[in-house]
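Breakdown of the fold
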Amino acid sequence: MRSAPTILHLDMDAFYASAEQAAKPSLRGKAVVVGGLGPRGVVATASYEARRFGVHSAMPTAQARRLAPHAAYLTPRFTLYRDVSNQVMGLLRELSPLVEPLSLDEAFVDLEAGGAAFDSGSARVVGERLRADIRRVTGLRGSVGLAVSKMLAKIGSERAKPDGLVLIEPGTERELLAPLPVRVLPGVGPATGDHLRRAGITTVDEIAEAGQDELVRLLGRAHGTGLYAMALALDERPVVSEREGKSVSVEDTYDLDIHDRVRVRGEVARLAERCTRRLREAGRSGRTVVLKVRRYDFSTLTRSETLRGPTDDPAVVREAAARLLEGVDTTGGVRLLGVGVSGLADYTQEDLFAQAAGERAAAEAQAAAGADEPASQGPPVEAVDPVAPAAPEERRWPAGHDVVHAVHGPGWVQGSGVGRVTVRFETPTSAPGRVRTFRTDDPELSLSAPLPLVEGDGGADEG
């Protein structure tokens, strides 16, 4: 354990919702909920104004609407969030080479490794300067925790919310942890928490009082020993700049069950393309293709196929996923589909095109023998709309997404339906704008890239 609070944990405040408020002047200071808007949608982030009504992340959107019916409900814009996240992570990497991102809006930083701080005073100065830089560059706010360990730094940032900084002085850790609930410790989820509660242990202090032997008896040697050390504020985990991923996967949940087998094949093909795109962006390849299918009755099936060698070829992954799908009964309907690649390796040169050609030849031979048409012969991914079912009857206008009109300029979608789309024309740097309604097929209206949240920002690249 180090002797100075030089591990920093940053957590952006209500990140998605705050980004939407920064982008939309008419929503500033109002309740905003970002997440899935369909019947099975869940809340990704709620603004602090929405949280006052009891709305929180992971809550079903339908329940959120009952609690906060007048809130603005928006679909996520990950292009914008990734762009802002890259700006924030860039600021963190200026402080230290050891930055461990946990998500788009959360990361650990080892300030000592970068020579940015060496004691409490210098660490506090760095933390306050970081918060100011984030506000200047992105227009958003983040909370900072500083401590001698990752566990304590994260607890500090939670106590700092919203828009604050908490530095836990060395020597005060045990006193701070003692009254906190056991769930505050890493590795204590709902099941472990309930198990400890049944044993009469509800606070961190009670874990320490129970002793290591009792915890080992209750939870097993590895978990019990580790949890006892955490209760004593002992956390030796280092900040790791790169996390070795074990798999890359994508999945979609559908508002209405899919019964059309042709559409299911098209969705699997689209997911395979997205999955291999992520593989290539990470510079990785993988040997095992995994298909996940959640059916109408919530039963979930997983099928996998291991290839002869690692690949990042979309055709290979798409066709393997199609073969796996042929062994799954989707007659009753499908509510979720996912495609993943595991057994990851750094990209190695091999004749992937020959492998793809060989697998296509096998599929064609199967078709010639009278088998069902292979999924790879369906429409290419580019022909499947990323939001709507294949061959949509009208253009889709997701709530909250950016648009531009040939006459009125940039704005965002407030809502759509019955052949109409309502747009509020405003930008991150304008005053609250006017609302206008158009036909959904208006040729002068189109979706556009997100605008920069702060003047002079390079903005997001909608691609």
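Definitions and cut-offs
- Residues numbered from 1 in each chain as written.
- Predicted model: local features only at pLDDT ≥ 70, side-chain atom pairs only at ≥ 80, totals over all residues.
- Heavy atoms only, no water.
- Pairing = 2+ DSSP bridges.
- Helix = DSSP H or I, 4+ residues; strand = E, 2+ residues; numbered from the N terminus.
- Axes fitted to C-alpha atoms, helices over the stretch in contact; angles between N-to-C directions.
- Contact = heavy atoms within 4.5 Å.
- Salt bridge = Lys/Arg side-chain N within 4 Å of Asp/Glu carboxyl O.
- Core = buried A, V, L, I, M, F, W, Y, C linked by side-chain atoms within 4.5 Å.
- Buried < 20%, exposed > 50% of the residue type's maximum accessible area, 1.4 Å probe, protein only.
- Parallel < 35°, antiparallel > 145°, perpendicular 65-115°, else oblique.
- Left-handed = near helix turned anticlockwise from the far one by under 90°.
- Nonpolar A, V, L, I, M, F, W, Y, C, P; charged D, E, K, R; others polar.

So, on to the sheet that holds strand S3 (residues 43-46). Pairing within the open sheet is mixed, and its three strands lie in the order S3-S2-S4. Strands with a single pairing partner mark the edges of an open sheet, and in this sheet they are S3 and strand S4 (72-74). On average, each strand axis in the sheet is tilted by 25° relative to the strand beside it, whichever way the strands run. The sheet contact formed by strand S2 (residues 32-35) and S3 spans three bridges and is antiparallel. Of the residues in S3, the one forming a bridge with Val 33 is Ala 46. This element, helix H1 (residues 15-23), spans S2, S3 and S4 of the sheet and lies at about 120° to S2.

What follows covers the environment of Ala 233. With respect to the element layout, Ala 233 can be found in the loop between helix H11 (221-231) and strand S9 (247-258). Sequence-wise, Ala 233 and Thr 172 are 61 residues apart; in three dimensions their C-alpha atoms are separated by 9.7 Å. Aside from chain neighbours lying at most four places away, what touches Ala 233 is Met 1, Met 151, Leu 152, Glu 173, Arg 174 and Leu 177.

On to the pattern of salt bridges. For the structure shown, the criterion picks out 27 salt bridges. As a salt-bridge pair, Lys 161 and Asp 13 come within 2.9 Å of each other at their nearest N and O atoms. With Lys 161 in the loop between helix H6 (150-160) and strand S8 (165-167) and Asp 13 in the loop between strand S1 (7-12) and H1, this pair connects stretches of sequence that are 148 residues apart. Connected through shared salt-bridge partners, Asp 252, Arg 263, Glu 267, Arg 270 and Arg 274 make up one network.

One finds Leu 8, Leu 10, Leu 92, Leu 111, Leu 130, Leu 140 and Leu 146 to be the most contacted residues of the largest nonpolar core, which totals 39 residues. With eight residues, the top contributor of residues to this core is helix H4 (residues 78-95). Other than its neighbours up to four places away in sequence, Leu 111 contacts Thr 6, Leu 8, Leu 95, Ala 116, Ala 117, Val 126 and Leu 146. Residues Phe 108, Val 148, Leu 177 and Leu 185 belong to the second largest nonpolar core, which totals 28 residues.

It is worth spelling out the packing of helix H10 (residues 212-219) against H11 at this point. Between H10 and H11, the shortest axis-to-axis distance is 7 Å and the interhelical angle comes to 140°. Comparing their axes, H11 and H10 come out oblique. Along this stretch, H10 crosses H11, giving a crossing that reads as right-handed. For the pair formed by H10 and H11, the contact residues are Gln 212, Leu 215, Val 216 and Leu 219 on the first element and Arg 221, His 223, Gly 224, Thr 225, Leu 227 and Tyr 228 on the second. Tallied by class, the residues present in the contact of H10 with H11 amount to five nonpolar, four polar and one charged.

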